[in-house]
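Listed below are the residues making up each chain.
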Amino acid sequence: MSNGVEGNEERRRAADAAGPEPQGVPEPRPGGPDAAAEPEPATLVKAGTADRTEAGAGAKADEAPTGHPDAAAPDASGTPADAPPDSPNAPDAPETPNAPDAPETPDAPDAESDGIRYERLPDAPPPILDGVRAKPPAPPGLATLVAAAVTAVLSGLLLGDGLAVNALILALPLAAAAWFAARQAGRRPRRSSLCWGAGGLALLAVPVWSDAEWPTLLAVLAAAGLGALALHGSRKWSGVLLAPLGLVLVVRRALVWGWRGVRERTAGGGKDLGPMLRSVLVAVVLLVVFGGLFAAADQAFADLLGSLVPDVDGGSGVPWRLFLAVLGTAAALAVAHTAAAPTRWDGLGPGPGRARGRVEWALPLVLLDLLFAAFVAVQAAVLLRGEDVVRASNGLTYSEYAREGFWQLLFATVLTLAVISVAVRVAPRSGPRDQLLVRAVLGTLCLLTLVVVASAVRRMDLYMGEYGLTRLRLSVVAMELWLGVVVLLILAAGVFGARLLPRAVLASAAVAVLAFGLASPDKLIAESNLDAHRDGRTLDLAYLSGLSADAVPALDRLDEPLRSCALRSIAVPGAPWYATSLSQARAHEILTARPVRDHPCRDILTDDIYPSVR
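Please read these numbers as outputs of a predicted model, since none were measured by experiment. (Residues numbered from 1 in each chain as written. Predicted model: local features only at pLDDT ≥ 70, side-chain atom pairs only at ≥ 80, totals over all residues. Heavy atoms only, no water.)

Participant: Where do I start with the overall build of the chain in this structure?
Facilitator: Looking only at helices and strands, one finds 23 helices and zero strands in the chain. By residue count, 34% of the 614 residues in the chain fall in the buried class. Partitioning the intrachain contacts of the chain with sequence separation of at least 6 by distance along the chain shows that 78% fall at a separation of at least 24. When the accessible surface of the chain is totalled, it reaches about 36900 Å², and 63% of it is carbon and sulfur. (Helix = DSSP H or I, 4+ residues; strand = E, 2+ residues; numbered from the N terminus. Buried < 20%, exposed > 50% of the residue type's maximum accessible area, 1.4 Å probe, protein only. Contact = heavy atoms within 4.5 Å. Areas by Shrake-Rupley, 256 points an atom, 1.4 Å probe, with all protein chains shown as cover.)

Below, the structure written as structure tokens:
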């Protein structure tokens, strides 16, 4: 009896030493179903250690079966076996030297210790193009691959001899590849995209018409820009400016995309490329065999075949043509991939800047308007009496007046456009009064800029009237006139809204490039110098002889020996039909009818002989 009372008293003291029990939470029975729910005494920080510890705990729980008679039996002293180790009545643990070591379970580091701490690293920022790049499209279809193959073959055969009709021919399979890829991806072209594509094809008429390299290169680049805009469908400034870059950035992914399509089509199935490739190979063999027999049998047919089939220079131009074929393949796949999954460059555009107060925004611009107004007042005399003012100036020649002043005014026009673009981003926009203030200040600045443009063009007109046209003079005047058109478009945007301004500026640039190329600048330069020569001014034959075939009809009007001296250095190569422009064809006819004579042109140029012009 007393032993039982003493045992109960010891168990009560042990329970008091262990701490109060939580209210409302039943005490888990040793070996019962709630035993596995006890929290671990230490928080593990390494994933591998935590897994091993949990597995070891599970194994120990399995070794102690539920309801074992010895699970909670007290020892000889009456203390339960699961008493806490810090209890005053807990017995000493017997030493078991042959017991296996327990698995390592490192304790969690204290907040003040130097232990290892595990913190969640911030996620890496996504690539800048992830927000605007579309999902990868499905592998290209058979029609897209055939269009890319046709582009590759035509590039290798037609591009090695120059640009003329072949540029327009190559644009057709490129457009077909984009069309087929877009249809496969379920995309329908917009009317704006069709208009941009038609504009690009129209620009390719410049190399068909003109022989000059600089307008041709400008037209081809502008055509590529319009084509990129048609594929991306951009509307904002960021999209208009970055769309051509998108075609370059997509080349690597486009090549991988095309290779996936080829692998799928050559693996078998209803649209296998194998039969088509074998059919094309058989057709090429038949054409080569029978074409060679017919050419050997008849010289007229051989001449016709030679004019139609490109010449690969006896094998010396094969590496170059292979490179052009690879370039054409990459271009076709890039165009097709962009048509199927265009990058939305409009999403990268900066938003409106932080609006400024009226005084902070308007004060610098109002002062700039006053400065422009003062300059315009001074230039009024030049615009009305330009030649008299220049001649009345002491020690001021046309060269000093026009050349120096023109470049400053051209730079001032470009800088004004930059100021307007920044002012629009930070303009106050809290109400109708702010809108009226913006229109008044920027509208005045645009009107005064138009006067600056007119002054710059007038200066160069005075200079060209005295010394004639050159390529540089004509180019910078055309550039200044286009900047004036841009200023007019900005004025229109202030009245009707700026939503269409980026595309309107690009369209005006395309029209300017097309008009500049079709006007045959070299022909205009030759005619201007001949008109100046009629008035008794010096004819610069050394410069005129470096023009392109566009100038041949005008220079053909000179009398001998100046005609032969001017035309001798103008190259009119006998290029194939696909690389011959209309200007080259006309020049070839003129020089065939009236060949260039052999004259001592160097002596003529040195002695300043100027025969009359017919």
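Participant: Any chance you could explain the nonpolar core here in plain terms?
Facilitator: Core analysis: the biggest nonpolar cluster contains 48 residues, and M460, L539, L541, L555 and L558 have the highest contact counts within it. With residues near it in sequence (within four places) discarded, L555 still touches A526, L530, L544, R563, A566, L567 and I570. Membership of the second largest hydrophobic core comes to 15 residues, among which are A167, L203, L204 and A510. (Core = buried A, V, L, I, M, F, W, Y, C linked by side-chain atoms within 4.5 Å.)

Participant: Looking at this structure, I do not really get helix α15 (residues 432–467). What am I missing?
Facilitator: Count 3.6 residues to each turn of an α-helix, and residues three or four apart come out pointing the same way. Here α15 contains 36 residues, and its C-alpha end-to-end distance of 52 Å stays within 8% of the 52 Å for a straight helix at 1.5 Å per residue. One or two residues past the end of α15 sits G468, with phi positive at roughly 90 degrees. (Expected span 1.5 Å × (residues − 1).)

Participant: Can you walk me through helix α4 (residues 165–184) in this structure?
Facilitator: Under the 1.5 Å per step criterion, the end-to-end length of α4 is 30 Å for 20 residues, consistent within 8% with the ideal 28 Å. Those residues of α4 that fall on the buried side of the exposure criterion are N166, A167, L170, A171, P173, A177, A178, A181 and A182. At the C-terminal side of α4, G186 shows a positive phi close to 80 degrees.

Participant: I tried to follow the environment of T413 on my own but got confused; where do I start?
Facilitator: Mapped onto the fold, T413 is located in helix α14 (residues 398–425). Once residues within four sequence positions are removed from consideration, T413 is found in contact with T449, V452, V453, E480 and L483. Among the polar contacts listed, one links the side chain of T413 to the backbone oxygen of L409, at a separation of 2.9 Å. At a separation of 3.1 Å, a polar atom in the side chain of T413 contacts the side chain of E480. (Polar contact = N/O pair within 3.5 Å; in protein donor to acceptor, adjacent residues only side chain to side chain.)

Participant: How do you make sense of the side chain of S210 when you look at a structure like this?
Facilitator: Within the secondary structure, S210 is located in the loop between α6 (205–209) and α7 (213–232). A polar atom in the side chain of S210 sits 3.2 Å from the backbone nitrogen of A212. There is a polar contact of 2.6 Å between the side chain of S210 and the side chain of D550. Excluding residues that lie within four positions of it along the chain, S210 makes contacts with T216, G517, D550, S581 and S583.

Participant: For this particular structure, what's the right way to read the packing of aromatic side chains?
Facilitator: For any pair of aromatic rings, the description consists of the separation of the ring centres together with the inter-plane angle of the planes. One pass over the structure, following the stated rule, counts three aromatic pairs. Summarising the aromatic geometry, the rings of W214 and F516 are spaced 5.4 Å apart at their centres and angled 75 degrees between planes, so their arrangement reads as edge-to-face. Of this pair, W214 sits in helix α7 while F516 sits in helix α17 (residues 501–518), and the two are 302 residues apart along the sequence. With a centroid separation of 5.7 Å and 25 degrees between ring planes, the pair formed by W320 and F323 is classed as stacked. (Phe/Tyr/Trp six-rings, centres within 6.5 Å; stacked < 30°, edge-to-face > 60°.)

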